[in-house]
Amino acid sequence: MTVRAVTVIGAGQMGRGIAQTLLQYGFAVTLYDIHEAAVARGVATIAEAFRRQVGKGRIAEEQKEEWLARLAATTELTAAEDSEIVIEAAPEQLETKLALFQALDRICPSQTILASNTSSISITAIAAVTDRADRVIGMHFMNPVPVMPLVEVIRGLRTSDDTFAKVADLAVQLGKAPVEVRDYPGFVSNRLLMPMINEAIYAVYEGVAEPEAIDQVMKLGMNHPMGPLALADLIGLDTCLAIMETLHEGFGDSKYRPCPLLRQYVQAGWLGRKSGKGFFQYEERR
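Residues numbered from 1 in each chain as written. Predicted model: local features only at pLDDT ≥ 70, side-chain atom pairs only at ≥ 80, totals over all residues. Heavy atoms only, no water.

1. Points about unusual backbone geometry
For residues other than glycine, phi is negative in most cases, and the peptide bonds are mostly trans.
Consideration 1: Of note, the bond from Asn-143 into Pro-144 is cis; its omega dihedral lies within 30 degrees of zero at 0 degrees.
Consideration 2: Here Pro-144 is to be found in the loop between β6 (136-141) and β7 (150-155).
Consideration 3: For Asn-223, which is not glycine, the phi dihedral falls at a positive 65 degrees.
Consideration 4: Mapped onto the fold, Asn-223 is located in the loop between α8 (211-222) and α9 (228-235).
Consideration 5: Note on Asn-223: relative accessible area 68%, which makes it exposed. (Helix = DSSP H or I, 4+ residues; strand = E, 2+ residues; numbered from the N terminus. Buried < 20%, exposed > 50% of the residue type's maximum accessible area, 1.4 Å probe, protein only.)

Quick look at the structure:
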């Protein structure tokens with residue numbers, strides 16, 4: 001199967017980043033979100049990213065227009081019926097993903113591959129609500145998608161070799177490096193990353209140091225390009241909390257217990273960059 005048409009489910013930060021990358025590499029993309037305003041923001045953000053590339057002389061105006069001409073936006077999930085692959089990038093909530101995959105299983109032809117960009121939720125559990133468990137797979141992009149080269153390709157218990165090969169090949173076509181991962185909570189990336197972020201939040205919670213100092217230690221002492229608290233703000237504190245809860249529930253180990261301060265910030269609506277405030281203050285809400 002040669003993939004040319006892809007539907008991306010969810011027009012948030014990850015969904016629009018995936019859509020932008022697909023467009024830049026020659027794919028026709030349908031961007032879906034349940035909210036019309038989210039779809040409009042997603043399209044506007046992608047168009048602005050392309051305009052910046054024109055302004056920097058990286059692409060011509062004609063190239064930008066050609067990319068945007070291959071982008072369709074919709075609030076109708078049935079628009080996914082003509083896609084060879086659907087990539088779901090909805091919020092990190094099990095119930096939401098299960099409902100989406102059940103609906104997509106009804107809408108899409110039997111040969112369509114259903115991929116999830118989930119950062120921690122079981123691919124096996126998602127696949128179990130469909131009649132195509134062999135064609136359900138994890139395709140976990142890193143943020144920001146157009147820049148970061150890694151894609152974790154996660155096999156569910158029944159994911160076929162053919163499905164894995166096609167999704168890994170798609171990642172390569174997008175200029176990414178696919179890494180095969182088995183289906184365990186948090187996979188590899190977030191099983192390692194999120195406990196570090198959670199421990200940094202505990203250091204704030206316990207008064208060990210201020211957020212700026214904690215990030216400076218990790219940047220200057222450990223050569224991290226970004227401190228863990230600034231990274232948490234970039235990812236979204238609500239997403240960090242959801243992943244920690246998945247790890248805690250999945251392993252039943254107290255070392256994955258979310259820090260109470262993380263939970264409190266999310267309850268306050270301090271979600272990081274997207275809300276204008278997290279562990280750091282941001283000038284504008286994104």
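2. A short note on the domain arrangement of the chain
Consideration 1: Here the domain parsing of the chain yields domain 1 (5-182) and domain 2 (190-275).
Consideration 2: For domain 1 versus domain 2, the distance between C-alpha centres works out to 26 Å.
Consideration 3: Contacts between domain 1 and domain 2 engage 7 residues on the former and 7 residues on the latter.
Consideration 4: A buried area of about 530 Å², summed over both sides, lies between domain 1 and domain 2, and 52% of it is on carbon and sulfur atoms.
Consideration 5: On the domain 1 side of the contact with domain 2, Glu-92, Ser-119 and Ser-120 bury the most area, a combined 57% of that side's loss.
Consideration 6: Our count for the domain 1 to domain 2 interface comes out at 0 salt bridges.
Consideration 7: Where domain 1 touches domain 2, the interface holds 1 residue pair in polar contact (both at pLDDT 80 or more).
Consideration 8: Tallied by class, the residues present in the side of domain 1 that touches domain 2 amount to 1 nonpolar, 5 polar and 1 charged. (Domains from an automatic or database assignment. Contact = heavy atoms within 4.5 Å. Buried area = accessible area lost by both parts, 1.4 Å probe. Salt bridge = Lys/Arg side-chain N within 4 Å of Asp/Glu carboxyl O. Polar contact = N/O pair within 3.5 Å; in protein donor to acceptor, adjacent residues only side chain to side chain. Nonpolar A, V, L, I, M, F, W, Y, C, P; charged D, E, K, R; others polar.)

3. Notes on the pattern of salt bridges
Oppositely charged side chains can form a pair if their charged atoms are brought close together.
Consideration 1: Taken as a whole, this structure holds 14 salt bridges when the rule is applied.
Consideration 2: Among the ionic pairs, Lys-64 bridges to Glu-61, the shortest N-O distance being 2.8 Å. Remark: Glu-61 and Lys-64 occur in helix α3 (residues 61-69); sequence separation between them is 3 residues, near one turn of the helix.
Consideration 3: What makes Lys-64 buried here is its relative accessible area of 7%.

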